[in-house]
Structures are given as C-alpha cells and as structure tokens.
Amino acid sequence: LRSHLESELPLILNGDIFHPQDIERALTLTGADSLMLARGALWNPSIFERRDETRPQMDMLQRYVQLAEQMDNHINNSKYVALQMLDGHGRSETFKQLQKARDYPSLLAAAQAMPDDTYFQQQLPHLPIKMEPAPDMLDVASLPINAWRPLPRQQQTASNVAKAPKRAHGDILLSS
C-alpha cells in the first residue's frame, strides 16, 4: 500500500493490535508510518510499555479499578470499561461479579478475585473473542493493508480454508 501513496502522505494503520509483537510486524508488513489502537489498549493497557509481553490482564484490571476510583470516575463508566477488558470471558465468575457490582468496593473485590477464578486458571486465548472483520466483510482479510492480521475465525471453517489467501508463520498473510 505504501508504494501506491505519495511519500508525504502519512499511512496510519488502525486496529487489531493486541500484543507488543504485533506493533513492529504490522508496521513492517504494511509500511505504515504509525498506528492507532483501541481494543488492544482497552483489553490490556500495558501494551504501551512496548515490552516483550503485556502484563497479566488481572493486574491491569485491578489497577484500572483502583485508578478509576482514585480519579472519581463514575462507577457505571468504570464498570463498563472493566467488562470490556474481559470481553469474551462472560462465562467467568469474575465477569459475573463485575456485572453485579454497584460500587467501587464490589468492583474492586471482583477484580481482586480474578486470580482465584478457575476460569482464568486454565489456558486461555490472549485475545478478545470478537475479532475483525465482521462476518459480512470476510474479503477484507485478503487486502494488502490487512496482511499482518491473524486469520479471522470466520475464515477458519473448512469451506473457507480453500478460498483463503496463502498463509504461513502462524496464520499471517504473506501474499495475496
């Protein structure tokens, strides 16, 4: 994509950055000048530290609740963000307790109970369940700008595997 744009026009990549390794890979494969991220930062804000790995999500959730209370953020806004941080983990006891929370002490108690939640003691995917693209936009995964993104779950079905672009190195699109 960069080769088709004038050099003075900045190319900004947007979306699906969930791990620190995604940053350099995405910039390298797309030729983008910079990137924007939202869900990855919401899911685990430690991605901004640019370390090899993000900090444990349970630590980030607890710290978020503490800071939100300290900053006198409205409890409903804080609860919403806490639930978004656990997107895709609605069956967990922690998520259910966060849903029931009505004040900061109960929100913090739910966050602090996360290490004892048997749901989070098992091997879990590191990404939220919802991934782009939407089911009605499956063809966008084959666009060059999306070359670095993981293969969408919708394309991992047997009927779509044959139609999917060539992939290697852990489902990263190498050529289209």
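Residues numbered from 1 in each chain as written. Predicted model: local features only at pLDDT ≥ 70, side-chain atom pairs only at ≥ 80, totals over all residues. Heavy atoms only, no water.

## Quick look at the overall build of the protein chain
If you tally the helices and strands in the protein chain, you get 8 helices and 4 strands. Order of helices (α) and strands (β) in the protein chain, N terminus to C terminus: β-α-β-α-α-α-α-α-α-α-β-β. A separation of at least 24 residues holds for 49% of the contacts in the protein chain among residues at least 6 apart in sequence. In the structure as shown, the protein chain presents an accessible area of about 10600 Å², 54% of it carried by carbon and sulfur atoms. (Helix = DSSP H or I, 4+ residues; strand = E, 2+ residues; numbered from the N terminus. Contact = heavy atoms within 4.5 Å. Areas by Shrake-Rupley, 256 points an atom, 1.4 Å probe, with all protein chains shown as cover.)

## What about the confidence of the model for the protein chain?
Per-residue confidence for the protein chain averages 77 on the pLDDT scale, and 69% of its residues sit at or above 70. Counted against residues more than four places away or in other chains, residues 158-176, with its pLDDT under 50, gives 36 contacts. (pLDDT = per-residue confidence, 0-100.)

## Observations regarding unusual backbone geometry
Not every positive phi belongs to a glycine, and Asp72 is a case in point at roughly 60 degrees. Its location among the elements puts Asp72 in the loop between helix H3 (57-70) and helix H4 (75-85).

## Observations regarding H4
Structural remark: α-helix, 3.6 residues per turn; residues separated by three or four positions point the same way. Those residues of H4 not exposed but buried are Ile75, Ser78, Lys79, Ala82, Leu83 and Met85. What you see down the axis of H4 is that its buried residues fit within an arc of 155 degrees, all on one side. In this structure, the buried residues of H4 make contact with helix H2 (39-43), H3, helix H5 (93-100) and helix H6 (104-112). (Buried < 20%, exposed > 50% of the residue type's maximum accessible area, 1.4 Å probe, protein only. Arc of directions from axis to C-beta.)

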